[in-house]
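Chains, contacts and geometry: an overview
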Amino acid sequence: MIEFKGSHFERDVILRAVRWYVAYPISYRQLEEMMEEHGVEVDHATLNRWVLKYVPLLEQEFRARKQPVGPSWRMDETYVRVTGTWKYLYRAVDKAGATVDFLLTAKRDRKAALRFLRKAISGSGTPEKITIDKSGANRAAIESHNAGQDEGIEIRQIKYLNNIVEQDHRAIKRLIRPMLGFKSFRSAAVTLAGIELMHMIRKGQLLPTGEMRPAQQFYSLAG
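Not measured: the values here are computed from a predicted model. (Residues numbered from 1 in each chain as written. Predicted model: local features only at pLDDT ≥ 70, side-chain atom pairs only at ≥ 80, totals over all residues. Heavy atoms only, no water.)

**Let's talk about the pattern of salt bridges**
To be explicit about the condition: Whenever Lys or Arg places a side-chain nitrogen within 4 Å of a carboxyl oxygen from Asp or Glu, that contact is recorded as a salt bridge. Only protein chains enter the accessibility calculation, which uses a 1.4 Å probe; a residue whose area is less than 20% of its type maximum is buried, one above 50% is exposed, and one in between is partly exposed. Only DSSP runs of H or I reaching four residues or more are called helices, and only runs of E reaching two or more are called strands; each is numbered from the N terminus.
Inspection of the entire model under this criterion finds nine salt bridges. Arg 11 serves as the salt-bridge partner of Asp 12, at 3.2 Å between the closest nitrogen and oxygen. Taking the relative accessible area as the measure of exposure, Arg 11 reaches 30% and is therefore partly exposed. Here Lys 203 ties to Asp 168 by a salt bridge, and the two come within 3.1 Å at their closest N and O atoms. With Lys 203 in the loop between helix H7 (185–202) and helix H8 (214–220) and Asp 168 in helix H6 (residues 163–176), this pair connects stretches of sequence that are 35 residues apart.

**What to know about the packing of aromatic side chains**
To keep it simple, the criterion reads: When the centres of two rings from Phe, Tyr and Trp lie within 6.5 Å, Trp using its six-membered ring, the rings pair. Their planes under 30 degrees apart give stacked, over 60 give edge-to-face, and anything left gives tilted. Both a distance and an angle decide whether a charge sits over a ring: NZ of Lys or CZ of Arg must be within 6 Å of the ring centre and within 35 degrees of the ring normal.
Here the structure, examined in full by the defined rule, presents seven aromatic pairs. Between Tyr 79 and Trp 86, the aromatic rings sit 6.1 Å apart at their centres with planes inclined by 75 degrees, giving edge-to-face as the arrangement. Exposure remark for Tyr 79: the relative accessible area of 40% places this residue in the partly exposed category. Of the residues examined, Trp 86 reaches a relative accessible area of 44% and is grouped as partly exposed. The ring of Trp 86 has Arg 81 lying over it, and the distance from NZ or CZ to the ring centre is 4.2 Å. The ring centre of Phe 102 lies 4.8 Å from the NZ or CZ of Lys 119, which sits over that ring.

**Description of the pairing of strand S3 (residues 99–105)**
Definition in use: Strand pairing is defined by DSSP finding a minimum of two bridges between the two strands.
For S3, a buried count of seven out of seven residues is recorded, marking the element as mostly surrounded by other parts of the structure. The pairing of strand S2 (residues 85–94) with S3 spans six bridges and is antiparallel. Paired with Ala 92 across the bridge in S3 is Asp 101. Here S2 folds back onto S3 in antiparallel fashion, the turn holding four residues, of which Gly 97 has a positive phi close to 95 degrees.

**Here's the deal with the packing of helix H2 (residues 28–37) against helix H3 (residues 44–64)**
The line we're drawing: In this description, a line fitted to the C-alpha atoms serves as the axis of each element, helices being fitted only across the stretch in contact, and the angle between N-to-C directions of two axes falls anywhere from 0 to 180 degrees. Angle categories are assigned with fixed cut-offs, so that under 35 degrees is roughly parallel, over 145 is roughly antiparallel, 65 to 115 is roughly perpendicular, and the rest are oblique. Contacts between residues were defined by any pair of non-hydrogen atoms, one from each residue, lying within 4.5 Å. Under the scheme applied, nonpolar residues are Ala, Val, Leu, Ile, Met, Phe, Trp, Tyr, Cys and Pro; charged residues are Asp, Glu, Lys and Arg; polar residues are all the others, including Gly.
Running from N to C, H2 and H3 point in directions that differ by 105 degrees, and their axes come no closer than 9 Å. By the angle between their axes, H2 is roughly perpendicular relative to H3. On H3, the residues touching Tyr 28, Arg 29, Leu 31, Glu 32 and Met 35 of H2 are His 44, Leu 47, Asn 48 and Val 51. Class assignment for the residues of the contact of H2 with H3 results in five nonpolar, two polar and two charged.

**With respect to the nonpolar core**
General note: in soluble globular proteins, nonpolar side chains tend to be found buried as a group. Note the following rule: To form a nonpolar core, buried Ala, Val, Leu, Ile, Met, Phe, Trp, Tyr and Cys residues must be joined to one another through side-chain atoms within 4.5 Å.
Met 35, Trp 50 and Leu 58 are the most contacted members of the largest nonpolar core, which totals 48 residues. If we skip the residues at most four places from it in the chain, Met 35 touches Val 13, Ala 17, Trp 20, Val 40, Val 42 and Leu 47. One finds Val 69, Tyr 90, Val 100 and Ile 142 within the second-largest nonpolar core, a separate group that totals 22 residues.

In structure tokens, the structure reads:
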């Protein structure tokens, strides 16, 4: 159970604000206005602190209850602007479109791709095959992983099969756009984790889901 003691606001108010920010394409200023319309006066700086504090805790709870993914993955990366420069969001989905994992990195190279791959395998197990585009860095990362294994991951470089993950990027980028860029790498990483978390909930990746709506599933992570 996530602890909310010490806050001047009720648990439900905090959770609602955090969910709205990671679920919809809005800025903190717009969220501040929305909260005021619901009778809650809270400034945008406090809203930002809530996201940075509670998203990592909610993500931790989600990962403990995340539905297993399939053994055939699609791996790719997309761009995210942080402090005026482009950073790289590595992402993978299985062939059904379920999110495997994600990782924000400063660089786009073999080391970054390998770090993401190891994170994804740590959380979801080793896949049988991974489909990538023409990225040499991604291929090199998988080959580096395979070098130390008895049975390696099959690599497929077939662009049209990667359409699933490329389409999935769009759902994330649509929410990022109104945020007008991130002011720090940590803020970007945490906010993206919240966006990915809500995206996975909407895909039905939280167990058990029962008859709960996505919003209720999000709130249930707090215990």
